[in-house]
Amino acid sequence: MSDSNTTDFTNIFTFILLGIPGLEAAHVWISIPFCVMYAIAILGNFTILFIVKREPSLHGPMYYFLCMLAVTDLVVSTSTVPKMLSIFWFNSREINFSACLTQMYVFHCFSVMESGILVAMAFDRYVAICDPLRHSAILTNRVVAKIGLVVVLRGSILILPYLFLARQWPYCRTNIIPQPFCTHMTVVNLACADIRVSSYYGVFVQIWVNGLDVFFIVVSYTQILRAIFSLPTKDARIKTFGTCTSHLCSILVFYIPRLFFSLAYRFQQNVPLHFHVLIAIVYLLMPPMLNPLIYGVRTNQIRGRLLQLFTHNGT
């Protein structure tokens, strides 16, 4: 297929992913840190799942939510990074139209799910600190499963219109996507039609997901901080707040790159394209890589079980 930017692609079958425009000569070198980040993400998240499954003392709401977080991180990274690395290493830039839309849907769907899981984890911390005596009665396995189902359904349903709208547009401007994976606006911006519906719906999803989720997290932590400051001793306050630090770090790791990604997209005319793409890749890889490290280092039960495994294997 021709790489021309002006050919009629109304019945387009293939997109061309450019990787990092302007830095093609350095693709192999650039791929090294991203490959390492992906390897850490895969190893770390599977380790979290393995430890929680093997250790009965970790069969509780906080760790069930952590497993949900690990699964979403694995899916988000694995849906995009292997193709990205194939572009960097083998110049394999073509992606089937249906595969591109599938990648787009999975990426956005599981990103929304991850935001919902962070809200669920905030609720778990709220109940554990503000009403500890009823924590096990409120967050039963059945309730945790229902919360997980709601998170999955919300992500799946909210992102479905992305797929339907992207499929209906005619594509006749170009088939070149100036980054190494497919996202909603990078795809629909190639359409030769009025895409305001897609654009407005994308803004709605961002406000609905980011706005509401951040609001619920802030409300939860407002109540948590009130409960912590009401404790009688400094040691009790520090110890109780320490149970929240892993979750707070995960929130920052998820939302701060997301904020920079959104700002870079909104002001993309003032930001070099390669910088915008690099921010997008960091946004993609940071949470899957850092979440298992955060919980592995900060959570005593997981850290202890890890040390026990390595010590046992060493002997």
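From a predicted model like this one, the values you see are computed outputs, not experimental measurements.

Counting its secondary structure elements, the protein chain contains twelve helices and three strands. Taking all 315 residues of the protein chain together, 50% fall into the buried category. Residue pairs in contact within the protein chain that sit at least 24 positions apart in sequence constitute 78% of those at least 6 positions apart. In the structure as shown, the protein chain presents an accessible area of about 15,600 Å², 69% of it carried by carbon and sulfur atoms. Separation between the mean location of the 21 positive side-chain charges and that of the 12 negative ones in the protein chain comes to 10 Å.

Relative orientation of the contacting elements helix α4 (residues 97-130) and helix α6 (residues 141-168) amounts to 150°, with a least axis distance of 8 Å. By the angle class used here, α4 and α6 are roughly antiparallel. Handedness of the α4/α6 crossing: right-handed.

A side chain of one charge can pair with a side chain of the opposite charge if their charged atoms are brought near each other. Evaluated as defined, the whole model comprises four salt bridges. With a shortest N-O distance of 3.0 Å, D124 and R125 are connected by a salt bridge. For the pair formed by D124 and R125, the shared burial category is buried.

With that settled, consider the nonpolar core. F15, F34, Y171 and I281 are the most contacted members of the largest nonpolar core, which totals 88 residues. By residue number, the principal contributor to this core is α4, which donates 18 residues.

What follows concerns a nonpolar patch on the surface. Taken together, the side chains of V28, W29, I32, V36, W89 and F90 make up a nonpolar region of the molecular surface, amounting to roughly 690 Å² of accessible area. Elements with a contribution of two residues or more to the nonpolar patch: α1 (27-54) and α3 (81-90). A total of four residues in the nonpolar patch trace back to one element, the largest contributor, which is α1. Residue position: F90 is located in helix α3.

If you walk across this open sheet you meet the three strands as β2-β1-β3, and the pairing is mixed. Each edge of the open sheet is held by one strand with a lone partner, namely β2 (94-96) and β3 (176-177). Bridging between strand β1 (residues 14-17) and β3 involves two bridges; their strand directions are parallel. For L17, the partnering residue across the bridge sits in β3 and is I177. Sheet strands touched by α4: β1, β2 and β3. Its angle to β2, the strand with the most contacts, is close to 85°.

Here α1 crosses α3 at 155°, and the two axes come no closer than 9 Å. Here α3 runs roughly antiparallel to α1, going by the angle between their axes. For the pair α1 and α3, the crossing hand works out as left-handed. Each of H27, V28, S31, F34, C35 and Y38 in α1 lies in contact with α3, whose residues at this interface are V81, P82, M84, L85, I87, F88 and W89. The residue inventory of the contact of α1 with α3, partitioned by class, reads eleven nonpolar, two polar and no charged.

Right, let's get into the state of the cysteines. If you walk through the whole model with that rule in mind, you get two disulfides. Two residues share a disulfide in this structure: C100 and C182, whose sulfurs sit 2.0 Å from each other. Across the disulfide from C100 to C182, rotation about the S-S bond amounts to roughly -120°, and the bridge is consequently left-handed. One end of the pair, C100, is in helix α4; the other, C182, is in the loop between β3 and α7 (184-188), and 82 residues separate them in sequence. Across a sulfur-sulfur distance of 1.9 Å, C172 and C192 are joined as a disulfide pair. Linking C172 in the loop between α6 and β3 with C192 in the loop between α7 and α8 (196-229), this pair joins segments that are 20 residues apart in sequence. By sequence-ordered numbering of the bonded cysteines, the protein chain has its disulfides arranged as 1-3, 2-4. C244 supplies the cysteine sulfur nearest to C130, a cysteine that is in no disulfide, at a spacing of 8.9 Å.

Conventions adopted
- Residues numbered from 1 in each chain as written.
- Predicted model: local features only at pLDDT ≥ 70, side-chain atom pairs only at ≥ 80, totals over all residues.
- Heavy atoms only, no water.
- Helix = DSSP H or I, 4+ residues; strand = E, 2+ residues; numbered from the N terminus.
- Buried < 20%, exposed > 50% of the residue type's maximum accessible area, 1.4 Å probe, protein only.
- Contact = heavy atoms within 4.5 Å.
- Areas by Shrake-Rupley, 256 points an atom, 1.4 Å probe, with all protein chains shown as cover.
- Lys, Arg positive; Asp, Glu negative; His and termini not counted.
- Charge placed at Lys NZ, Arg CZ, Asp CG, Glu CD.
- Axes fitted to C-alpha atoms, helices over the stretch in contact; angles between N-to-C directions.
- Parallel < 35°, antiparallel > 145°, perpendicular 65-115°, else oblique.
- Left-handed = near helix turned anticlockwise from the far one by under 90°.
- Salt bridge = Lys/Arg side-chain N within 4 Å of Asp/Glu carboxyl O.
- Core = buried A, V, L, I, M, F, W, Y, C linked by side-chain atoms within 4.5 Å.
- Patch = residues over 30% accessible without salt bridge, like charges linked within 9 Å, V, L, I, M, F, W, Y side chains within 5 Å.
- Pairing = 2+ DSSP bridges.
- Nonpolar A, V, L, I, M, F, W, Y, C, P; charged D, E, K, R; others polar.
- Disulfide = S-S within 2.5 Å.

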